[in-house]
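# Analysis of the macromolecular model
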Amino acid sequence: MVRWAEADELAGLVPIELAADRLFEQVGIVFPPGTTMIEEVADPHAVLVEGAPPDGFALIGEVDGCVHLDQLAVRPERMRQGVGGRLVAAVIDHARACGAPGVTLTTFRDVPWNGPWYARHGFSVLPESAWGPELRALVAHERELGIELAPRVVMRCLV
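A short tour of the structure in this document, coming up. (Residues numbered from 1 in each chain as written. Predicted model: local features only at pLDDT ≥ 70, side-chain atom pairs only at ≥ 80, totals over all residues. Heavy atoms only, no water.)

## Some details on the sheet that holds strand β4 (residues 66–74)
Short version of the rule: If DSSP finds at least two bridges between two strands, the strands pair. Only DSSP runs of H or I covering at least 4 residues are called helices, and only runs of E covering at least 2 are called strands; the numbering of each starts at the N terminus.
Here seven strands make up an open sheet; going across it, the order is β1-β2-β3-β4-β5-β7-β6 and the pairing mixed. Two strands in the sheet have a free side with no partner beyond their single neighbour: β1 (2–4) and β6 (124–125). In this structure, strand β2 (residues 47–50) lies alongside strand β3 (residues 56–63), joined through four bridges in antiparallel fashion. In the strand pairing of β3, Glu50 is matched with Gly56.

Pasting the structure below:
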């Protein structure tokens, strides 16, 4: 069951993000050192989780009027069991409920569990000409952080 995170669950999400990030090593992507995205979260109502204790989470924000999926992470041993799909569906439902026009995200274009996976869940590549100012700033910030280690794309799902 997908639900909003509780404040005392946030610290327990860090190992999930770290384990999910390590999976990228098998395709030659090693993230630069630093804090995880979930460690920087103060508001648990920006985080959807599934399971108790959580098996995965979706960290969301708002960019150019759309709900923005900042991070999706699932425990490796629970992958390929629908957890990520249910979390993404809940993010899309949340966007509808908020009256947002869609959900945006940035991801690796060619990593099978990134760009192609999101495409199967209703997302399509958003051309740069359609990016708003906040999305442009977010992509620039990601580049400054050094996470563009393989071709990346911006994707959007209209709701």
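## Describing the packing of aromatic side chains
Put simply, the rule is: For Phe, Tyr and Trp, rings pair up if their centres lie within 6.5 Å, where Trp contributes its six-membered ring, and each pair is then called stacked (planes under 30 degrees apart), edge-to-face (over 60) or tilted (otherwise). Over a ring means this: the NZ of a Lys or the CZ of an Arg is within 6 Å of the ring centre and within 35 degrees of the ring normal.
This structure, assessed with the given rule, holds six aromatic pairs. An aromatic cluster is defined as three or more aromatic residues linked by ring pairs; in this entry it consists of Phe24, Phe31, Phe108 and Trp113. Here Arg152 stacks its cationic end above the ring of Phe108, 4.6 Å away from the centre of that ring.

## Remarks on the nonpolar core
Formally: For this analysis, a nonpolar core means a set of buried residues of the types Ala, Val, Leu, Ile, Met, Phe, Trp, Tyr and Cys, connected via side-chain atoms within 4.5 Å. Only protein chains enter the calculation, and the probe is 1.4 Å; a residue is then buried if its accessible area is under 20% of its type maximum, exposed if over 50%, and partly exposed in between. Residues count as neighbours in contact if any of their non-hydrogen atoms are within 4.5 Å of one another.
In terms of nonpolar packing, the biggest core is built from 23 residues, with Leu69, Leu72, Val88, Val91, Val103, Tyr118 and Phe123 touching the most fellow members. Going through the elements one at a time, β3, β4, α2 (83–98), β5 (102–108), α3 (115–120) and β7 (152–158) are the ones with two or more residues in this core. In terms of residue count, the dominant contributor to this core is α2 (seven residues). Residues within four places of Leu72 in sequence aside, it is in contact with Phe57, Ala58, Gly84, Leu87, Val88, Trp117 and Tyr118. Core analysis: the next-biggest nonpolar cluster, separate from the first, contains 14 residues, Ala5, Leu13, Ala20 and Leu59 among them.

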